[in-house]
Amino acid sequence: MIPLRLFNGSRELVGIHLEPAENAPPQHHAVLLCNPFGQEGIRAHRLYRVMSERLAAAGHHVLRFDYYGSGDSPGSDEEWDVQGSIADAQTALAELLRRSRAPRWSAVGLRLGGTIALELARLAPSPAQLLMLIEPVLDGNAYLRSLAESSTQALDRAYGVRWPLSARLRDAMLPDAESEALGFYLSPQARAQIAAITPDCLATVPASTLRLLTPDSQAARQLLQHAAVAASPAVEFADSDARIDWATDSAAATSIVPMHWIRDLLDHLAVQAHA
Amino acid sequence: MRETTLTFGPQGDLLGTVTFAADAAPPSFGVLLFNAGVIHRVGAHRVNVKLARALAAEGVASLRFDLHGMGDSQRADGRLSYADQVVADLRAAMDALQSATGAPSFALVGFCSGALPSYWTARADPRVSAIVLYDALYFATPLSVLRYLGVRLMRHGYGPKAWTVWLRAGLRGAAAAGAKLTRLLVRRTRSSTARGDSAIPAEADRIDRRALGQGLLALAERGVGVMVLSAGTDFSAVNYADQLRHTLGLRQVSHPRLLFAHLHDIDHAVTTRVAQQQWIDTVRRGLLQLAPLPSQAASPPSST
């Protein structure tokens, strides 16, 4: 495990590079992990750590990193946005390919990390092998609404009976839903970039395989059909088979790691190796 | 302000990020920030990152890091108990920050589950000049119970629905009291022989609040700044300013290096940005007041 500081121009990023385990067969296939946004990013940390260790144990170079203005990276919350994160992901991918010398690459993105992985694939110098999007955001406006709802629920849960009783408390603590999501700032431009996400984001992606793990794969399929999205490559849908609320401030479930997602990822990377 | 990420510790298996002040002058003290529960080193809602940068603006360096088995640090080898391991990790972090910045003494910010490890480390290592214990101690008093019941009564009223709520609460309370009595009886039947060579006191398993109060006072008398913070949250735990001071047996005690503050409006996890800023301002001010050793302090501190 090698801690890195990467530079996307003046934007400094913190990353962790894992080299293939010594006893693992080298895969010549690097994997980049793209974080979700805000509180979902904090809750995904454990999953990404375990996922990166398993990937390295299987012989892959892996890089996980924090976008500028998020996680452990420099930059304030106010400086985070989707487009900047996509550019940061390009920097991270370039560094991963330079360090690994791998001829092939894949990316994984949970929630909004899926959006970033998709756009990265469109901008990358070579096509991705596998893009695995886990519970991705396919409707930006619905995602913003769910974040606002989660924020309200979090405060209701935290303050309990005090919340409905105390107008003073609500005046002091209730955030503007337009600019804050579960304690993380949402700039107008970040909000607009998220709102612009539609199922069209899955159309024509330069990747050999585009795999989606969603809570309800049938509903996701219908969403694409309804939006008349002609995805290329054809999207592989699978149920994520998990009921994890990523957008909550409850720490109790932050160490959840669905191992069946990691096994699914390893299995599909192995298929790519033999393709 | 500059930041660098490094590995450290005897096996190089701990990972953290040092935040330096803009000028290269050695800071008068350094600050350690670490995990709250299972959250990695950035802290709940990234407050460790924000506090580190606020401190750097005041010329104070910090290291935010992951304890063994947490965040990006490697797992512990199991040779030490949990309590001894976290103290060893915090001492290794002090070594690393001392080496990186020249800081001669350290303040430890214990957020929730980090509170007792901060206290244990302050007892074990003379380099610790201040500790912050944030929202980890809950001891009820008759007044705190009344205040909590009062606010619930105001919410639920007196109708049939309210009586259902009260009945459920009463049954839960009776069950909890029964379980507590059982635990007490079981504990009394166990041997009270010594617990081996661990330097960590019995608080690792069960907090003796009076002993903890005396331990905190002993630290203050030794010159260690102690700041005990509580969050208002839903009033179920701490809900008035002197609750912890009283329950720790320090009602009559006034010591300039032992401060208590109740953050009435913030929730435990500092969920909103307003709550985060209140927490950061409170901790930053407290550290600047308490962490320099008494001989270094610019002005005599005052208690709240």
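Conventions we followed
The residue count restarts for each chain, going from 1 along the sequence in the order it is written. Chain labels run from A onward and ligand labels from 1 onward, assigned in the order the entries are written. Whole-chain, interface and lining totals are the exception, using all residues; otherwise, since this is a predicted model, local features are given only for residues with pLDDT of at least 70 and side-chain atom pairs are given and counted only at 80 or more. Calculation of side-chain values draws on the structure's entire complement of heavy atoms; hydrogens and water are dropped beforehand. Numbering of helices and strands runs from the N terminus; a helix is a DSSP stretch of H or I covering at least four residues, while a strand is a stretch of E covering at least two. Each residue is placed in one exposure class: buried if its accessible area under a 1.4 Å probe, protein chains only, is under 20% of its type's maximum, exposed if it is over 50%, and partly exposed if it falls in between. The criterion used for residue contact is that any of the two residues' heavy atoms lie within 4.5 Å. Domain start and stop points were drawn from an automatic or database domain assignment. Two rings belonging to Phe, Tyr or Trp (six-membered ring only in the last case) form a pair when the distance between their centres is within 6.5 Å. Interplanar angles under 30 degrees mark stacking, angles over 60 mark edge-to-face geometry, and anything in between is tilted. Think of it as a cone above the ring: NZ of Lys or CZ of Arg counts as a charge over the ring if it is within 6 Å of the ring centre and within 35 degrees of the ring normal. Buried area is a sum: the accessible area each of two parts loses on coming together, probed at 1.4 Å, counted once for each and added. Whenever a carboxyl oxygen of Asp or Glu lies within 4 Å of a side-chain nitrogen of Lys or Arg, that contact is scored as a salt bridge. Polar contact is the term for a pair of N or O atoms within 3.5 Å; when the atoms are in protein, one must be able to donate a hydrogen and the other to accept it, and sequence-neighboring residues count only if both atoms are side-chain atoms. Classification used: nonpolar for Ala, Val, Leu, Ile, Met, Phe, Trp, Tyr, Cys and Pro, charged for Asp, Glu, Lys and Arg, polar for all others including Gly. Each pair of strands is called paired provided DSSP finds at least two bridges between the two strands. All axes are obtained by fitting lines to C-alpha atoms, using only the stretch in contact for helices, and the reported angles, taken between N-to-C directions, cover 0 to 180 degrees. With its strands directed away from the observer, a crossover is right-handed exactly when the path from the first strand over the helix to the second travels clockwise. Cysteine sulfur atoms are paired as a disulfide whenever they come within 2.5 Å of each other. Known as pLDDT, the predictor's confidence for each residue is given on a scale from 0 to 100. Put simply, a nonpolar core is a bunch of buried Ala, Val, Leu, Ile, Met, Phe, Trp, Tyr and Cys residues held in one set by side-chain atoms that sit within 4.5 Å of each other.

A few words now on the overall build of chain B. Looking only at helices and strands, one finds eight helices and eight strands in chain B. Taken over 304 residues, chain B has a buried fraction of 53%. Residue pairs at least 24 apart in sequence account for 73% of intrachain contacts in chain B once pairs closer than 6 positions are excluded.

As assigned here, chain B comprises domain 1 (3–137 + 208–290) and domain 2 (148–193). Summarising the inter-unit geometry, the C-alpha centres of domain 1 of chain B and domain 2 of chain B are found 32 Å apart.

Time to look at the packing of aromatic side chains. Aromatic ring pairs: the centre-centre distance and the angle between the two ring planes describe each pair. Applying the stated criterion to the full structure yields 10 aromatic pairs over all chains. The structure contains a cluster of three or more aromatic residues connected by ring pairs, namely F37(A), W80(A) and F184(A). Geometry around F20(B) places R2(B) over its ring, the cationic atom sitting 4.8 Å from the centre. The positively charged end of K50(B) is found above the aromatic ring belonging to F184(A), 5.8 Å away from the centroid.

This paragraph deals with the interface of chain B and chain A. In this complex, chain B contributes 47 residues to the contact, which on the side of chain A involves 46 residues. When chain B packs against chain A, the two sides together hide about 3,700 Å² of surface, and 53% of this comes from carbon and sulfur. A per-residue breakdown of the area chain B buries against chain A is headed by R46(B), D265(B) and R273(B), which together make up 19% of the total. Counting across the chain B and chain A interface gives nine salt bridges. The salt bridge partner of D265(B) is R162(A), with a shortest N-O separation of 3.7 Å. Where chain B packs against chain A, one counts 30 residue pairs in polar contact (both at pLDDT 80 or more). Elements supplying a minimum of two residues to the side of chain B that touches chain A: β1 (2–8), β2 (14–20), α1 (47–56), α4 (142–156) and α8 (273–290) of chain B. Class assignment of the residues belonging to the side of chain B that touches chain A gives a composition of 14 nonpolar, 19 polar and 14 charged.

Looking now at unusual backbone geometry. Backbone geometry places R111(A), a non-glycine residue, at a positive phi of 50°. A positive phi is found at T233(B), a non-glycine position, where the angle reads about 40°. Structurally, T233(B) can be placed in the loop between β7 (225–231) and α7 (243–247). When its relative accessible area of 15% is taken as the criterion, T233(B) is described as buried.

This part covers the sheet that holds β2(B). Residues and elements named next belong to chain B. Reading across the sheet, the eight strands line up as β1-β2-β4-β3-β5-β6-β7-β8 and stay open at both edges, with mixed pairing between neighbours. Strand pairing shows two members of the sheet lacking a second neighbour, β1 and β8 (258–263), which therefore form its edges. Across the sheet, the mean angle separating the axes of adjacent strands is 20° when strand polarity is ignored. As defined by bridge partners, β7 adjoins β8 across six bridges and the pair is classed as parallel. Bridged to A231 within β8 is L263. Across the sheet, helix α2 (residues 82–101) touches β1, β2, β3 (30–33), β4 (61–66), β5 (106–111) and β6 (128–134), and the angle it forms with β4 is around 140°. Sheet strands touched by helix α3 (residues 115–124): β5 and β6. Its angle to β6, the strand with the most contacts, is close to 160°.

Residue and element names in this part refer to chain A. Sheet analysis places strand β9 (residues 207–214) next to strand β10 (residues 235–239), joined by five bridges and oriented parallel. Across the sheet, L213 pairs through a bridge with A238, a residue of β10. Regarding topology, helix α8 (residues 217–226) serves as the crossover connection from β9 to the parallel β10, and that connection is right-handed.

Mapped onto the fold, S76(A) is located in the loop between β4 (61–65) and α2 (82–100). The sequence separation of S76(A) and Y185(A) amounts to 109 residues, and the corresponding C-alpha distance is 9.3 Å. What S76(A) contacts, discounting residues up to four positions off in sequence, is G69(A), R46(B) and R53(B).

What follows covers the state of the cysteines. Residue and element names in this part refer to chain A. One pass over the structure, following the stated rule, counts zero disulfides over all chains. Not engaged in a disulfide, the cysteine C34 finds its nearest cysteine sulfur in C201; these two sulfurs lie 14 Å apart. Judged by relative accessible area, which is 0%, C34 ranks as buried.

Here the focus is the pattern of salt bridges. Inspection of every chain in the model, using the stated rule, returns 28 salt bridges over all chains. The residue R64(A) makes a salt bridge to D72(B) at a minimum N-O spacing of 2.6 Å. Taken together, the positions of R64(A) in strand β4 and D72(B) in the loop between β4 and α2 put the pair across two chains. Exposure remark for R64(A): the relative accessible area of 7% places this residue in the buried category. One salt bridge connects R191(A) with E178(A), and the closest N-O pair in it is separated by 3.2 Å. In this pair, R191(A) is assigned in helix α7 (residues 188–195) and E178(A) in the loop between α6 (167–173) and β7 (180–181), connecting sequence segments 13 residues apart. Note on R191(A): relative accessible area 19%, which makes it buried. According to the relative accessible area criterion, E178(A) is partly exposed, its value standing at 46%.

Before going further, it helps to spend a moment on the confidence of the model for chain B. Residue and element names in this part refer to chain B. Looking at chain B as a whole, the pLDDT averages 88, with 88% of positions reaching at least 70. Note that pLDDT drops below 50 for residues 191–199; the model gives that stretch six contacts with residues more than four away or on any other chain. Within the model, pLDDT remains below 50 along residues 297–304, and this stretch shows 13 contacts once partners closer than five positions in the same chain are excluded. This complex was scored by the predictor with a pTM of 0.91 and an ipTM of 0.95.

Residue and element names in this part refer to chain B. You can see H68 is positioned in the loop between β4 and α2. Among the polar contacts made by the side chain of H68, one reaches the side chain of D13 at a distance of 3.1 Å. A distance of 3.1 Å separates polar atoms of two side chains, one belonging to H68 and the other to Q85. With sequence-adjacent residues up to four places away left out, H68 is seen in contact with D13, L14, S73, Q74, R75, A76, Q85 and D89.

Core analysis: the biggest nonpolar cluster contains 98 residues, and L131(A), L202(A) and W279(B) have the highest contact counts within it. Ranked by size, the runner-up nonpolar core spans 47 residues in total, among them L14(B), A103(B), V226(B) and V238(B).

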